Amino acid sequence: MPTLEKIVSFCKRRGFIYPGSEIYGGLANTYDYGPLGVELKNNIKQAWWKYFVQDREDMVGLDGGLLMNPKVWEASGHVEKFKDSLVECKKCHKRFRPDKLNDISKCPECGGGLTEEKFFSGMFKTVIGPVEKEGLTTYLRPETAQNIFVNYKNVLDSTNVKIPFGIGQIGKAFRNEITTGTFIFRTLEFEQMEIEYFISPSANWKKIFQDWADYMRGFMDVIGLDKRKLHNREIGEAERAFYSKRTIDMDYEFPFGKDELWAIAYRTDYDLSNHQKMSGQNLEYFDEQENKKYIPHVIEPTFGVDRILLAILCGAYKEEKLENGENRTVLKLHHSIAPYKAAVFPLLRNKPELVKKARKVYEELKGEFMVDFDDHGNIGKRYRRQDEVGTPFTITCDFDSLKQDDVTVRDRDTIKQKRVKIGELIGYLKEKLHA
Ligand code: GAP
């Protein structure tokens, strides 16, 4: 597996991920996604949405706002309990989580003495309104889940869903994280993909929890992650979030060690009961089969887009020696999430007839797939460039293409080449990409 440093520099060099606000000296623990990063990220989100929302009859989607009424965060318990315990260095004033320190008696950076533990909110405050003192103070959401709880009744009233059913959402979340410094693994702003799955209080929650945990594991195949690197970790009561009665973290083998990729929690009726109390609205569900009213219980599968993207990059990045003795870096991405599905080259850039033919092929493919056109440098360099960003197929127009109306298609993984008629190219690629 590559080191994290290698992945960080690769991501910047090839336009996947840049440090945030870099021309101003950066802003610690913020990152921006570049041209290839945004394609990869969108493909992960689309794959998630299809697998978890569209392919399931018991799921619907939602896209809630980042800003919510501050009462939401009082009811959810975040104002009171979403806090990190920290110690501060009396000399350099850096803050640390005591549970992450090997030696609690001195600052790991400058050796200075540490203060007693204090609690700091994990939420970012913001003020709505033109005058700060008179404005409404609220928070940037620290989890997307609360939009789902707050809208659960709207979804019930405006669709045909019946319990058991789930609502899925993808969106940004913000946390005033202290333990950072592992690239996009833990950042201040990140994207979550969450499901709140509503069940009857008398349902067998343990079985539903297990079924969801298994289904989540299946997503590894969809995005090409190695299941052998995913390990379930039961979270004990002391470590569990305040809303959860059972949590399993699913840890991935990252270059810096095993850590949480995604998780599942049994949130009981904690959130809906608290929102019913705080809002004064009736959030009960009438179950026709059980012939009774109740506040549903909730199983929550939760995912971080950025961590999945990091796991994918770490798993796919390979440095190989080819049979001809050349070295190459190749990103063995699953076809479905590769930023470009194919790249088209004219064999020589100074032969207008080849460039014209290659452009025509490119234009035809562009309507079907995300494709790149590359005529920089020699053909070997173009292969290396496309291998490095994980493009599954590279297509070259050569002099035979002018006579035979065909192209060579090279497979990223086998590096085997095959001549394919231009008229059959779209069908050929579709078959290969979905194989
Ligand atoms: N609604 C439940 C919840 O938010 P969580 O375990 O705190 O649970 C869910 O977060 C997922 O969000 C994590 O499994 C992780 O993938 C991602 N995540 C959490 N904090 C993150 C951070 N600071 N940076 C990047 N991803 C994060």
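Use the structure listed above.
Description of the structure in this document. Nothing here was measured: the structure is a model prediction, and the numbers come from that model. (Residues numbered from 1 in each chain as written. Predicted model: local features only at pLDDT ≥ 70, side-chain atom pairs only at ≥ 80, totals over all residues. Heavy atoms only, no water.)

Before going further, it helps to spend a moment on the nonpolar core. Formed by 61 residues in total, the largest nonpolar core has its most connected members in Phe16, Leu261, Trp262, Ile299 and Ile308. Of all elements in the fold, only helix H1 (4-13), helix H2 (35-54), strand S10 (189-199), helix H6 (205-223), strand S12 (246-254), strand S13 (257-268), strand S16 (297-304) and helix H8 (305-316) reach the threshold of two or more residues within this core. If near-sequence neighbours (up to four positions away) are discounted, Ile299 is found in contact with Ile195, Glu196, Tyr197, Ile199, Trp205, Ile208, Phe209, Trp212, Ile264, Ala265 and Tyr266. One finds Leu365, Phe373, Val409 and Leu425 within the second-largest nonpolar core, a separate group that totals 20 residues. (Core = buried A, V, L, I, M, F, W, Y, C linked by side-chain atoms within 4.5 Å. Buried < 20%, exposed > 50% of the residue type's maximum accessible area, 1.4 Å probe, protein only. Helix = DSSP H or I, 4+ residues; strand = E, 2+ residues; numbered from the N terminus. Contact = heavy atoms within 4.5 Å.)

Take helix H12 (residues 425-434) next. Those residues of H12 lying buried are Leu425, Tyr428, Leu429 and Leu433. Projected down its long axis, H12 carries its buried residues within an arc of 120°, all on one side. In H12, the exposed residues that point more than 90 degrees away from the buried face are Glu431 and His434. Packed against the buried residues of H12 are strand S19 (342-346), helix H9 (352-366), strand S21 (393-397), strand S22 (406-411) and strand S23 (417-421). (Arc of directions from axis to C-beta.)

Glancing now at the site of the ligand. With respect to spatial proximity, 20 residues lie near the ligand, and among them Glu143, Arg175, Glu177, Glu194 and Glu260 are the closest. Between the ligand and Arg175 there is a distance of 2.8 Å, counted from an oxygen atom to a side-chain nitrogen or oxygen. Here a nitrogen atom of the ligand and a backbone polar atom of Thr187 are 2.9 Å apart. Protein chains shield 92% of the accessible area of the ligand, which is 560 Å² for the free molecule. Broken down by secondary-structure element, the contributors of at least two residues to the shell around the ligand are S10, S13 and S16. A breakdown of the residues in the shell around the ligand according to their chemical character gives seven nonpolar, four polar and nine charged. (Near = heavy atom within 4 Å. Polar contact = N/O pair within 3.5 Å; in protein donor to acceptor, adjacent residues only side chain to side chain. Areas by Shrake-Rupley, 256 points an atom, 1.4 Å probe, with all protein chains shown as cover. Nonpolar A, V, L, I, M, F, W, Y, C, P; charged D, E, K, R; others polar.)

Further remarks concern the pairing of S13. Bridge count between S12 and S13: nine bridges; the pairing is antiparallel. From the neighbouring strand, Met250 faces S13, where its bridge partner is Trp262. In this structure, the hairpin formed by S12 and S13 is closed by a connection of two residues. Relative to S16, S13 runs antiparallel, the two being bridged by six bridges. (Pairing = 2+ DSSP bridges.)

Next up on the list: the pairing of strand S9 (residues 165-174). By the criterion of burial, S9 is predominantly enclosed, with nine of the ten residues buried. By the bridge criterion, four bridges tie strand S3 (residues 59-62) to S9 in an arrangement that is parallel. Looking at S9, one finds that Val60 is bridged to Ile167. Alignment of S9 against S10, held across ten bridges, turns out to be antiparallel. What sits directly across from Gln169, in S10, is Glu194.

To continue, consider the packing of H9 against H12. The N-to-C vectors of H9 and H12 enclose an angle of 55°; their axes lie 10 Å apart at closest approach. One way to sum up the angle between H9 and H12 is to call them oblique. Considering how the two elements wind past one another, H9 and H12 form a crossing that is right-handed. Between H9 and H12, the contacting residues are Val361, Glu364 and Leu365 on the first element and Leu425, Ile426 and Leu429 on the second. (Axes fitted to C-alpha atoms, helices over the stretch in contact; angles between N-to-C directions. Parallel < 35°, antiparallel > 145°, perpendicular 65-115°, else oblique. Left-handed = near helix turned anticlockwise from the far one by under 90°.)

The next subject is the packing of H2 against H8. Across the interface, H2 lies against H8 with an axial gap of 10 Å and an inter-helix angle of 110°. Viewed along their axes, H2 and H8 adopt a mutual orientation that is roughly perpendicular. Taken as a pair, H2 and H8 cross one another with a handedness that is right-handed. Across the interface between the two elements, Gly37, Leu40, Lys41, Ile44 and Lys45 from H2 touch Val305, Asp306, Ile308, Leu309, Ile312 and Leu313 from H8. Within the contact of H2 with H8, the residues separate by chemical class into seven nonpolar, one polar and three charged.

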